[in-house]
Amino acid sequence: MSANASLLRGMFLAFVKAGMTVTCFKRCYVAGTTKDELGETLKKLRARNIGFTADILGEHISELHEAEACVKSYIELAEWLAARKDIFSHPHNPYGTSISIKPSHVGLCLDREAFKRHLS
């Protein structure tokens, strides 16, 4: 196990030992499991002048059809955020928010050409 992985594992175990459940730990990073939950969380963050990057959980895929489904989900997320940019906009980021796309989530490890198509 690498030093970084060992450190992260140790930090996670320290959180759990301190009484923090996995559900509580997850809440710190997962803004919601539905668009309504996501919207409420992002509005609260923006009201506190906190920026954010949206992404879709998951990463390890083994088939191109999974990558294509992920691409569709990223597009839906982008369209959903764009339709609400007036809610999520910020003086330093008038576009609203950014989306973090994991290359392996959209096919990099499976097919480079498909990956390039998915990004475009």
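Refer to the structure above for everything that follows.
Residues numbered from 1 in each chain as written. Predicted model: local features only at pLDDT ≥ 70, side-chain atom pairs only at ≥ 80, totals over all residues. Heavy atoms only, no water.

**Side note on the overall build of the chain**
Assigned secondary structure in the chain consists of 6 helices and 2 strands. The order of helices and strands in the chain, counted from the N terminus, is α-α-α-β-α-α-β-α. Taking all 120 residues of the chain together, 23% fall into the buried category. Taking all contacts inside the chain whose residues are at least 6 apart in sequence as the whole, residues at least 24 apart take part in 65%. (Helix = DSSP H or I, 4+ residues; strand = E, 2+ residues; numbered from the N terminus. Buried < 20%, exposed > 50% of the residue type's maximum accessible area, 1.4 Å probe, protein only. Contact = heavy atoms within 4.5 Å.)

**Description of the pattern of salt bridges**
Within this structure, the stated rule accounts for 2 salt bridges. For K43, the salt bridge identified is with E40, shortest N-O distance 3.2 Å. Taken as a pair, K43 and E40 lie in helix α3 (residues 35–47) at a separation of 3 residues, close to a single helical turn. By relative accessible area, which is 37% here, K43 ends up partly exposed. For E40, a relative accessible area of 42% puts it in the partly exposed group. For K116, the salt bridge goes to E113, with nearest N and O atoms at 3.5 Å. Remark: E113 and K116 occur in helix α6 (residues 112–119); sequence separation between them is 3 residues, near one turn of the helix. (Salt bridge = Lys/Arg side-chain N within 4 Å of Asp/Glu carboxyl O.)

**Things to note about the side chain of H118**
Position of H118 relative to the elements: it lies in helix α6. One polar contact links the side chain of H118 to the main-chain carbonyl oxygen of V106, over a distance of 2.7 Å. (Polar contact = N/O pair within 3.5 Å; in protein donor to acceptor, adjacent residues only side chain to side chain.)

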